Amino acid sequence: MTTIPKPAAITAPAEEADVSDEELKFIIPGDRRIEAANAITTRAMARRLPQLIRRSLALGWQVDRAAVIALLGVQLLSGVLEAFGLMATTGVIKPLIASQHISGDQLRSAVPSLVVLAGAIGLRALLGIASTALSARLAPRIAREAELELLDAATRAELAAYDNPGYNDRWDAADRGVEVSRDLLTQAQYILAASASLIASAFVLTAVHPILLPLLVLAALPKGLASVRAARISYIASLDTSKDRRLLGMLRWYMVDKQTADQVRSGTMAPFLLDKYRTAGARIDATTDQATWRSARISLVGGATGGLAHAVVWVALALLVSAGQISVAALGTAFLALGRVSAGLDGIVGYGAQLFRTGMYLDDWADFIDEAGGHRIDRGPGTPAAPTLVRAENITFQYPSADRPALDDVSLEVRRGEVVALVGENGSGKTTLSKILSALYLPDQGGAVTWDGTDTRDLDAHATWERVAVVPQSYANWPLSARENITLGQATEDEDAAVLAAAHAAGADEVIDGLRSGLNTLLAKEWWGGQELSGGQWQRIAIARAFHRPAGLLVLDEPTAALDPRAEHRIFTGLRRLAADRAVVLVTHRLTNVTVADRVVVLDKGRVIQQGTPDELLAQHDGLFRELWDLQNERTGRVPAPAGSEENVPLNQPALF
Ligand SMILES: Nc1ncnc2c1ncn2[C@@H]1O[C@H](COP(=O)(O)OP(=O)(O)OP(=O)(O)O)[C@@H](O)[C@H]1O
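Residues numbered from 1 in each chain as written. Predicted model: local features only at pLDDT ≥ 70, side-chain atom pairs only at ≥ 80, totals over all residues.

Q: Looking at this model, I keep getting lost on the UniProt feature "transmembrane region" (unreviewed entry) in the chain. Mind explaining?
A: When the UniProt feature table is mapped onto this chain, "transmembrane region" (unreviewed entry) is found at residues 66–93, 113–134 and 190–212. In residues 113–134, the share of helix is 100% and the share of strand is 0%. The end C-alpha atoms are 31 Å apart. Between the first and last C-alpha atoms of residues 190–212 the distance is 24 Å; the span itself is 87% helix and 0% strand. (UniProt positions renumbered as here; feature names shortened; annotations may be inferred. Helix = DSSP H or I, 4+ residues; strand = E, 2+ residues; numbered from the N terminus.)

This is how it looks when you write it as structure tokens:
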């Protein structure tokens with residue numbers, strides 16, 4: 001009887017044996033926003049309000065100047081009318097309370113003030129409608145402009161940004177900034193309206209008696225401070241929960257996306273995933289509940305103190321009347337003006353707190369735009385021609401979250417007209433290396449990649465990528481027409497001829513022939529009005545896309561994984577022709593395909609361990625390449641002929657088919 005030895009990988013190290021499963025949690029290295037938000041003082045918030053109003057107007061100015069000017073004019077006029085209205089109130093009350101019996105003359109003398117009052121009220125109502133309409137026009141445009149700026153900034157970030165969790169978090173925060181940007185103008189406009197009303201009423205109130213205004217400002221302070229603190233608490237809670245909200249988003253995606261839908265069902269995973277969702281949701285609720293209670297307690301204290309302070313103001317008013325400091329008619333005006341000033345202050349404080357919170361999100365948005373989430377592409381200005389020589393010199397590259405380099409002191413070169421194959425086991429660094437050669441990543445720990453002698457750091461990123469064509473392992477199935485899926489929206493002269501030639505070389509011509517409207521067919525789900533392709537058909541389109549690009553460096557990363565043998569054969573027999581005016585980097589696990597290459601570079605744990613022609617590497621019997629080759633072919637016992645030749649040549653045994 002033979003005993004099967006337990007594989008080494010299954011035996012957990014002794015010290016890790018009782019360690020429980022790691023839980024999914026989103027890590028934001030160096031996130032200091034919560035401490036920063038905690039350190040914000042009320043005075044700092046008050047100082048920010050004018051800046052925020054300026055920013056909202058500036059955003060509005062960018063999208064519709066006329067509407068912003070009209071809005072400011074409307075607010076100004078509304079304030080002036082309010083002051084007139086209040087003054088006219090005294091003119092109406094005075095004759096009416098002059099004696100117990102109101103004569104016709106007294107009534108007549110009140111008429112002009114009444115007309116002013118009625119006119120002011122009517123006009124202010126109209127202006128209110130106008131300002132609502134103007135902000136309804138501006139708000140969605142501002143939000144769209146904010147979104148456009150954000151999207152533009154995101155496309156200007158280095159690809160490496162996506163490997164950095166801080167970037168994703170900054171993106172989320174900035175995205176929230178876009179969401180709230182539509183509120184920015186409305187809140188600023190309410191503050192402007194409240195300020196106009198406040199200034200007009202304060203002016204009237206000071207005319208009645210100078211002591212009234214400072215008293216009222218003091219009375220409004222407690223509520224104001226409370227609102228500002230509550231806004232800060234709510235912002236901090238939203239930062240606190242951002243990690244779990246991100247987790248919810250990720251779980252939602254896994255549960256409903258088409259890519260995983262079949263596995264959620266066949267693996268009966270729904271209850272397990274829903275439970276994880278519930279747990280993260282409960283954590284969010286606990287944090288927001290806590291914040292809501294804290295805000296409510298603070299608002300309660302603020303409201304009660306504010307109520308007491310208002311009572312003091314009314315007592316002061318009564319004392320002033322009884323001391324004969326103000327007339328009864330002026331008391332009536334003061335009564336109205338106090339109401340207005342109080343409402344104005346409440347409005348400024350309430351909307352100010354909201355605007356402040358909006359402002360914090362907008363800061364995240366503005367920061368993202370300024371620095372593309374901290375990863376703005378910042379390379380040199382050089383514009384390369386299609387390269388004749390791409391060289392990697394001692395490059396070392398480590399992903400931010402990894403504990404060891406993905407590439408360690410790697411050197412190699414690819415020349416125009418050459419096919420270089422990258423081979424190695426999973427995780428050995430092939431894809432990373434191909435991304436560095438094509439300048440999608442820059443070497444971060446040492447070494448350099450040069451294109452015809454120029455460091456890729458000194459080359460303009462977009463100009464460089466125009467010279468690169470890539471078939472990545474996971475390619476995008478763009479919901480665009482077949483033509484646009486191949487040209488990527490970048491037309492060349494004699495477009496269709498070039499598209500069809502690329503499609504022919506990639507075997508995508510057969511796919512296009514089967515489409516209901518040829519190149520014009522929309523490749524998307526039926527409910528978007530399109531026609532859907534199979535996995536292999538999509539891969540042919542992705543290859544045609546790369547072949548169509550007038551690029552000097554062609555990178556093929558497992559380009560034929562989904563193709564049937566005939567289609568794969570066609571690609572590899574045509575590859576040498578394509579390589580005539582391109583440098584080609586081929587990443588593949590199917591070693592029979594690498595025989596089309598001029599040179600093979602074998603990677604192991606990020607290091608180059610073998611390099612040579614396919615024949616040279618096959619001859620090294622103790623090398624990794626030969627070991628992998630033998631493993632791939634041992635089940636059939638036959639060694640396939642090099643890709644590109646017309647037939648398979650059995651080495652040891654007769655052909656099976
Ligand atoms: N975005 C990433 N963030 C962190 N580590 C990564 C990332 N992408 C790859 N790695 C790590 O870098 C190493 C090299 O990965 P790479 O994708 O280059 O390997 P590969 O040879 O192409 O693998 P495969 O044959 O499976 O496609 C692996 O250890 C992998 O875990």
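Q: Just to check I follow, could you spell out the site of the ligand for this structure?
A: Around the ligand, 13 residues are found, and the nearest of them are Tyr 399, Ala 406, Asn 426, Thr 431 and Thr 432. The dominant element in the shell around the ligand, judged by the number of residues it contributes, is helix α11 (residues 430–437), at three residues. (Near = placed C-beta within 6 Å.)

Q: Can you walk me through helix α6 (residues 212–240) in this structure?
A: Given 3.6 residues per helical turn, the α-helix brings residues three or four places apart onto the same face. Compared with the 42 Å implied by 1.5 Å per residue over 29 residues, the 43 Å span of α6 between its first and last C-alpha is a close match. At Leu 221, α6 is bent by approximately 35°, the largest bend along its length, and proline Pro 222 sits one to four residues beyond. (Expected span 1.5 Å × (residues − 1). Bend = angle between axes of the 7 residues up to and from the residue.)

Q: I would appreciate a short explanation of the packing of α6 against helix α10 (residues 328–371) in the present structure.
A: For any two helices packed against each other, one specifies the crossing angle of their axes together with the interaxial distance. At a minimum axis distance of 9 Å, the contact between α6 and α10 shows a crossing angle of 25°. Comparing their axes, α10 and α6 come out roughly parallel. The way α6 lies across α10 gives a crossing that is right-handed. Of the residues assigned to the contact of α6 with α10, the class counts are 15 nonpolar, six polar and three charged. (Axes fitted to C-alpha atoms, helices over the stretch in contact; angles between N-to-C directions. Parallel < 35°, antiparallel > 145°, perpendicular 65-115°, else oblique. Left-handed = near helix turned anticlockwise from the far one by under 90°. Nonpolar A, V, L, I, M, F, W, Y, C, P; charged D, E, K, R; others polar.)

Q: Quick question: what am I supposed to make of the confidence of the model for the chain here?
A: Interpretation of the predicted coordinates at a detailed level should be avoided for regions scoring low in pLDDT. Looking at the chain, the pLDDT average stands at 82 and 87% of residues meet or exceed 70. Confidence drops under pLDDT 50 across residues 1–17; counting only partners more than four residues distant or on other chains, this segment forms two contacts. Taken together, the stretch residues 641–657 has pLDDT below 50 and engages in 25 contacts with residues farther than four places along the chain or on a different chain. Interface confidence for the predicted complex, expressed as ipTM, amounts to 0.97; the pTM equals 0.71. (pLDDT = per-residue confidence, 0-100. Contact = placed C-beta atoms within 7 Å.)

Q: Where do I start with the pairing of strand β7 (residues 553–557) in this structure?
A: Looking along a regular strand, one sees the side chains alternate between the two faces of the sheet. Most of β7 sits out of view: five of its five residues are buried. Alternating residues of β7 divide into Leu 553, Val 555 and Asp 557 and Leu 554 and Leu 556, and every residue in both groups is buried. As judged from the four bridges shared by strand β6 (residues 468–471) and β7, these two strands associate in the parallel manner. From the neighbouring strand, Val 468 faces β7, where its bridge partner is Leu 553. Pairing of β7 with strand β8 (residues 583–587), which is carried by five bridges, proceeds in the parallel orientation. Paired with Val 555 across the bridge in β8 is Val 585. Crossover handedness for the path β7 to helix α17 (residues 565–579) to β8: right-handed. (Buried ≥ 20, exposed ≤ 12 C-beta atoms within 10 Å, placed from the backbone. Pairing = 2+ DSSP bridges. Right-handed = clockwise from strand over helix to strand, strands pointing away.)

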